[in-house]
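Spelled out, the chains give:
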Amino acid sequence: MSSVIRVTGLTKHFSASWSPWKGLVRRTDISDMRELGYFSDKTNYRTLKAVDGLSFSVEQTDIYGFLGQNGAGKSTTIRMLLTLIAPTDGQIEIFGMDLRTHRREILRRVGAVIERPDLYKYLTAYENLSLFARMSGIRPSSRILMQQLEQVGLAERAHSKVRTFSQGMKQRLGIAVALVHNPDLVILDEPTNGLDPQGIADVRNLILHLSGHEKKTLLVSSHLLSEMEIIANRMLIIDKGRKIVEGKVLELFDPGQTLVELDTPDGALAEEMLCRSPWQECLQSRKDGKLLLKMDKTRIPSFVRDLVQQGVPVAAIRPRHSLEDYFLSLTTANQHVEAFTDRAV
């Protein structure tokens, strides 16, 4: 199956002339942020590494989950895919073409919603959709426009002014606008922002329909890990602008397997033991003295017994069962959760 998106070594640095931190970051915080990897020790503190050598690929008809905590670089990456900002380094190919030299040809086949959709508030939903269709060079019939509004649950409000819409309704209209020219690739950045549970379910079903029945490829960025667990077939987790893990959801998060976090005061001894034992194939990651392994839950007692027999001190063994647990175990978000939990105890 051919790659719809292929990204290699994508990097974006924001210099002092463009700094989201200006006036917001105290100098006393800079050393902490450097420790977390947001700033380089050799550069001015306002140089932000938003995306750092990111590589990934999205295959045809994928529902590709793009996950990361706030500030991880998701929106910056998506903006580079849409040529809204230029990368510092790296290469982007979409539909097998270089984005730098085939920009117009590529973007004609792409639909996107980036964070909050930009709409004309004093026009109706129908008028907005019709206007954006003409901007895309097409003139769909009234029947087709109404079908598209029906698809996102806005047919009954087709002739209401957008200024009267809730944020969730604006979000759904934005998705309709992204689909109005029948794109092959759909990029949705936080598509469920502001939606109630029914709206979230409607967007979920729409995404599944677009991939399964209309054979479109979707890249979906979301904070709702439970939704990604349901709809995505492949996913990428990034942290501080860098790729942490990428692959098929069923392989990364197999319900038949359990993620086991080993907390030990002697990480070096534990790693040595794992590297010379059959448990090595279960090892997923190492971070801050904690080791993450994936195994069948029935093997956990044998694993603990082997650790004890090899003299590895065990502070805790924590089974993890959800995508949220997996996500937190791989990103710095877990540091904030643990810090908050420690203060609450």
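All residue numbers refer to positions counted from 1 along the written sequence of the respective chain. With the structure being a predicted model, the display of local features is reserved for residues of pLDDT at least 70 and the display and counting of side-chain atom pairs for 80 or more, all residues being used for whole-chain, interface and lining totals. Each side-chain value is worked out from all heavy atoms of the structure, with water and hydrogens disregarded.

Take the pattern of salt bridges next. The term salt bridge refers to a side-chain nitrogen of Lys or Arg lying within 4 Å of a carboxyl oxygen of Asp or Glu. One pass over the structure, following the stated rule, counts 8 salt bridges. With a closest N to O distance of 2.9 Å, aspartate 184 and arginine 109 form a salt bridge. On the criterion of sequence distance, the pair formed by aspartate 184 in the loop between α6 (167-179) and β7 (185-189) and arginine 109 in the loop between α3 (103-107) and β6 (110-114) is long-range, its members being 75 residues apart. Note that aspartate 263 and arginine 318 form a salt bridge whose closest N and O atoms lie 3.5 Å from each other. Placement of the pair is aspartate 263 in strand β11 (residues 258-263) and arginine 318 in strand β14 (residues 316-320), with a sequence separation of 55 residues. Buried, partly exposed and exposed residues are distinguished by accessible area as a fraction of the type maximum, computed with a 1.4 Å probe on protein chains only: under 20%, between the cut-offs, and over 50%, respectively. Assessed through its relative accessible area of 18%, aspartate 263 is described here as buried. Linked through salt bridges whose partners overlap, the residues forming this network are Asp62, Arg234, Lys243 and Glu246. The helix and strand labels rest on DSSP assignments: H or I over at least four residues marks a helix, E over at least two residues marks a strand, and numbering proceeds from the N terminus.

Take the packing of helix α4 (residues 125-135) against α6 next. Axes here mean lines fitted to C-alpha atoms, for a helix over just the part in contact, with angles spanning 0 to 180 degrees between N-to-C directions. Taken N-terminus to C-terminus, the directions of α4 and α6 make an angle of 30 degrees; their axes are 9 Å apart at the nearest point. Classified by the angle their axes make, α4 and α6 are roughly parallel. In the crossing of α4 with α6, the sense of the turn from one axis to the other is right-handed. Contacts between α4 and α6 involve Ala125, Asn128, Leu129 and Phe132 from the former and Leu173, Ala176 and Val177 from the latter. Its residues assigned to classes, the contact of α4 with α6 comprises 6 nonpolar, 1 polar and no charged. Throughout, the term roughly parallel applies to angles under 35 degrees, roughly antiparallel to angles over 145, roughly perpendicular to angles from 65 to 115, and oblique to all others. It is the rotation of the near helix from the far one that decides the hand of a crossing: anticlockwise by less than a right angle makes it left-handed, clockwise makes it right-handed. Contact criterion: two residues are considered in contact whenever any of their non-hydrogen atoms come within 4.5 Å of each other. Basically, the charged four are Asp, Glu, Lys and Arg, the nonpolar ten are Ala, Val, Leu, Ile, Met, Phe, Trp, Tyr, Cys and Pro, and anything else, Gly included, counts as polar.

The next point concerns the sheet that holds strand β1 (residues 3-14). Two strands in a sheet stick together by hydrogen bonds in their backbones, pointing the same way (parallel) or opposite ways (antiparallel). A strand pair is defined by DSSP finding two or more bridges across the two strands. Here 4 strands make up an open sheet; going across it, the order is β2-β1-β4-β5 and the pairing antiparallel. Because the sheet does not close on itself, it has two edges, and the strands there are β2 (48-59) and β5 (97-98). As judged from the 2 bridges shared by strand β4 (residues 89-94) and β5, these two strands associate in the antiparallel manner. From the neighbouring strand, isoleucine 94 faces β5, where its bridge partner is methionine 97. Along the sheet, helix α2 (residues 74-81) contacts β1, β2 and β4; its crossing angle with β1, the most-contacted strand, is approximately 115 degrees.

Moving on to the layout of surface pockets. Roughly 840 Å³ of volume is contained in the largest pocket. Secondary-structure elements contributing two or more residues to the lining of the largest pocket are α3, β6, α4 and α6. When the residues that make up the lining of the largest pocket are grouped by side-chain class, the tally is 14 nonpolar, 5 polar and 5 charged. The rule is simple: put a 1 Å grid over the protein atoms alone, call a set of points where a 1.4 Å probe fits but cannot get out a cavity, call an open set with protein on both sides within 12 Å along at least five of seven lines a pocket, and count a residue as lining if it has an atom within 4 Å of a point. Grid points are joined across faces, edges and corners, and a volume is the space filled by probe spheres set on the points.

Regions with low pLDDT carry predicted coordinates that are not meant to be interpreted in detail. The score called pLDDT rates the predictor's confidence residue by residue, from a low of 0 to a high of 100. For the protein, the average pLDDT comes to 82, and 82% of its residues sit at 70 or higher. Within the model, the stretch residues 17-33 combines pLDDT values under 50 with 12 contacts to residues more than four positions away or in other chains. This stretch, residues 336-345, has a pLDDT under 50; its non-local contacts, to residues over four places away or in other chains, come to 3 contacts.

Bringing the side chain of asparagine 128 into the picture now. Tracing the sequence through the fold places asparagine 128 in helix α4. What asparagine 128 contacts, discounting residues up to four positions off in sequence, is Leu119, Tyr120, Leu123, Val162 and Leu173.

Moving on: the nonpolar core. Nonpolar core, defined: a set of buried Ala, Val, Leu, Ile, Met, Phe, Trp, Tyr and Cys residues in which side-chain atoms within 4.5 Å join the residues together. Core analysis: the largest hydrophobic core is formed by 48 residues, its most contacted members being Leu149, Leu173, Ile175, Ile207 and Leu218. Residues within four places of leucine 218 in sequence aside, it is in contact with Asp62, Ile63, Tyr64, Val186, Leu188, Ile207, Leu210 and Ser211. With 31 residues, the next largest nonpolar core counts Val7, Leu82, Ile187 and Ile238 among its residues.

This brings us to the sheet that holds strand β9 (residues 234-239). In space, the 6 strands of this open sheet follow the order β6-β7-β8-β3-β9-β10, with mixed pairing throughout. Of all the strands in the sheet, the pair left with one neighbour each is β6 and β10 (242-248). Strand after strand, the sheet turns through a mean of 10 degrees between neighbouring axes, direction not considered. Lying over the sheet, α6 contacts β6 and β7, oriented at roughly 160 degrees with respect to β6.

Moving on to the packing of aromatic side chains. Pairing of aromatic rings covers Phe, Tyr and Trp, the last through its six-membered ring, and needs centres within 6.5 Å; plane angles under 30 degrees mean stacked, over 60 mean edge-to-face, and all others mean tilted. The full count for this structure, using the stated rule, is 4 aromatic pairs. Summarising the aromatic geometry, the rings of phenylalanine 56 and tyrosine 64 are spaced 5.8 Å apart at their centres and angled 25 degrees between planes, so their arrangement reads as stacked. In this structure, phenylalanine 56 and tyrosine 64 share a single accessibility class: buried. Each member of the aromatic cluster is reached from another via a ring pair, and the members are Phe56, Tyr64 and Phe66.

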